[in-house]
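Structure at a glance
The chain contents come next:
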Amino acid sequence: MKVTESPLLYAYDQSLDDWVDWCGQRGFPKFMAKQLREWIFAKREKDPQLFTNISKVAREKLSEEFDWSLPSVDTILSSEDGSEKLLFRTRDGLFAECVVMPSEGRTTLCVSSQVGCRWACTFCQTGRMGLTRSLSSGEILSQVLLANEKMAESGQKLVSNVVFMGMGEPLDNLDGVIEVCRTLTDPKLFGLSKHRVTVSTVGLVPEIERLGQEVAVSLAISLHSADNAHRGSMMPVNRKYPLEVLKQTLLEYPIQTRHGITFEYVMIKGENDSIAHAKKLVKFLHGLKAKVNLIPMNAHPGNPMEASEAERLREFQKYLSDRSIPAPVRYSRGQDVSAACGQLATKRMEDLDLEPHKVARERKKEIREGN
Ligand code: SAH
């Protein structure tokens, strides 16, 4: 998907086919397309003038015709746990966020795939924004480039794991996300292992099927309840794709990792954290190769839901592990800097008294007027 507002094409949006076409149209050799992608994503060079194996004429055209800037970083919040949240602005002025989480031996980046989200899960901050638009593949890849730039500056390990758990529903941006996954796992480009790229979804059935057919990556399902009526009340998507339909699709999904499919289960006090809920979960998981991440609810202003108590969490976890279901507790990193999905972008929009559609409209106008 291309962002059309800017007069210049965005360099990071160009797929291999796009570059092949461009080279053909400009009379440059088509093999240059691969070299360009390697400069951008493997050598992480963002000034085409420094592409030493590319002709001078081609370098000039590349500088003239494409926008090579990474998104501008508006705010960086450093958490005590070592994670950093980057709030960035897209070329049309919208806010989105990503979180870099270095830990021993790996650096995980949580990327956003959309500004906002249309699924309105009751516990999610991004869900309250509604959807403004999907991010383009280049806008997602440039989050990885931004994070790598930061890691390289501080002498830390470059991004080794990418999770699509920032703002948005990645499978509502399927073409973009597939292009990103291919670029991330291409051994000549980012070279990440397919085990280390995880797409997380509310459970869009046809899109899960297509994802499985088109790219090899790990899959995470945001489940949060294994009871249809209950899940439907927390996650409107369940009314469209109920649990039995979702399960059938998951049984057929080509598994990429040792532990199969990851299920995310936000533990919300008094909502979905009883042993009766755990029982239903075990029943749902029967026959699936599964791991469950138990995530204590990250509370946010204006939402009365809160995290389950530690004792409840332990009992729930024990119930699962006694039945051979691995169920680690995952605390959202960067809680002190509102790192949970969508919290910072929402806050910043409110601080500046911005409304996403208005920002996009005004930015388009500025671009038309040549600013
Ligand atoms: N739309 C995708 C990816 C984005 S959200 C999805 O739903 O999977 C990434 C994860 O954060 C999801 O599992 C989501 O349910 C979870 N999440 C959302 N709000 C949260 C909150 N307040 N506390 C903890 N986890 C939350």
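The text that follows walks through the structure, step by step, so that each part is easy to find. This is a predicted model, so every value here is computed, not measured. (Residues numbered from 1 in each chain as written. Predicted model: local features only at pLDDT ≥ 70, side-chain atom pairs only at ≥ 80, totals over all residues. Heavy atoms only, no water.)

Tallying secondary structure elements over the protein chain gives 13 helices and 13 strands in all. For the protein chain, the residues scored as buried account for 55% of the 371 residues in total. Restricting to contacts in the protein chain with at least 6 residues of sequence separation, those with at least 24 account for 67%. Carbon together with sulfur atoms contributes 50% to the accessible area of the protein chain, which is approximately 16300 Å² in total. (Helix = DSSP H or I, 4+ residues; strand = E, 2+ residues; numbered from the N terminus. Buried < 20%, exposed > 50% of the residue type's maximum accessible area, 1.4 Å probe, protein only. Contact = heavy atoms within 4.5 Å. Areas by Shrake-Rupley, 256 points an atom, 1.4 Å probe, with all protein chains shown as cover.)

Glancing now at the site of the ligand. Residues in close proximity to the ligand total 20 residues, the closest being Ser200, Ser222, His224, Glu264 and Asn298. One nitrogen or oxygen atom from the main chain of Phe123 is found 3.0 Å from a nitrogen atom belonging to the ligand. At 3.0 Å from a nitrogen atom of the ligand is found a main-chain nitrogen or oxygen belonging to Gly168. Protein contacts shield 94% of the accessible area of the ligand, which totals 530 Å² for the unbound molecule. (Near = heavy atom within 4 Å. Polar contact = N/O pair within 3.5 Å; in protein donor to acceptor, adjacent residues only side chain to side chain.)

What follows deals with unusual backbone geometry. In terms of backbone geometry, most residues other than glycine have negative phi values and most peptide bonds are trans. In the Ramachandran plot, Ala120 falls in the positive-phi region, its phi being about 50° despite a non-glycine side chain. Positionally, Ala120 belongs in the loop between strand 7 (114–116) and strand 8 (131–134). A positive phi is found at His224, a non-glycine position, where the angle reads about 70°.

What follows is about the environment of Arg128. Within the fold, Arg128 resides in the loop between strand 7 and strand 8. Placed 11 residues apart in sequence, Arg128 and Cys117 show a C-alpha to C-alpha distance of 8.0 Å. Excluding residues within four positions of it along the chain, Arg128 makes contact with His300, Pro301, Gly302 and Asn303. Among the polar contacts made by the side chain of Arg128, one reaches the side chain of His300 at a distance of 3.5 Å.

Right, let's talk about the pairing of strand 13 (residues 290–296) for a bit. Within strand 13, seven of the seven residues are buried, which leaves the element mostly enclosed by the surrounding structure. The side-chain alternation of strand 13 yields two buried faces, one formed by Ala290, Val292, Leu294 and Pro296 and the other by Lys291, Asn293 and Ile295. Note that strand 12 (residues 261–267) and strand 13 share seven bridges and pair parallel. Across the sheet, Thr262 pairs through a bridge with Lys291, a residue of strand 13. (Pairing = 2+ DSSP bridges.)

Turning next to the packing of aromatic side chains. Within the structure shown, the criterion is met by 13 aromatic pairs. With a centroid separation of 5.8 Å and an interplanar angle of 85°, the aromatic rings of Trp19 and Trp22 are classed as edge-to-face. Of this pair, Trp19 and Trp22 both sit in helix 1 (residues 16–26), separated by three residues, roughly a single helical turn. Counting every residue linked through ring pairs, the aromatic cluster contains Tyr10, Tyr12, Trp19, Trp22, Phe28, Trp39, Phe51, Phe66 and Trp68. (Phe/Tyr/Trp six-rings, centres within 6.5 Å; stacked < 30°, edge-to-face > 60°.)

This paragraph deals with empty space enclosed by the protein. Applying the stated criterion across every chain, the model contains one cavity of 30 Å³ or more. Taken as a whole, the largest cavity holds about 30 Å³ of empty space. Lining the largest cavity, in full, are Tyr10, Pro71, Arg89, Thr90, Arg91 and Glu139. (1 Å grid on protein atoms, 1.4 Å probe; cavity = no way out; pocket = protein on both sides within 12 Å on 5 of 7 lines; lining within 4 Å. Points joined across faces, edges and corners; volume = space filled by probe spheres on them.)

Another point: the environment of Lys30. One can find Lys30 in the loop between helix 1 and helix 2 (32–42). On the basis of relative accessibility, which here comes to 52%, the residue Lys30 falls in the exposed class. In this structure the C-alpha to C-alpha distance between Lys30 and Asp17, which are 13 residues apart in sequence, comes to 9.8 Å.

The biggest cluster of nonpolar side chains holds 101 residues, and the ones touching the most others in it are Phe164, Leu211, Phe263 and Val292. At seven residues, helix 4 (residues 137–153) tops the list of elements feeding residues into this core. When we break this core down by domain, the ones giving at least three residues each are domain 1 (9–67) and domain 2 (72–369). (Core = buried A, V, L, I, M, F, W, Y, C linked by side-chain atoms within 4.5 Å. Domains from an automatic or database assignment.)

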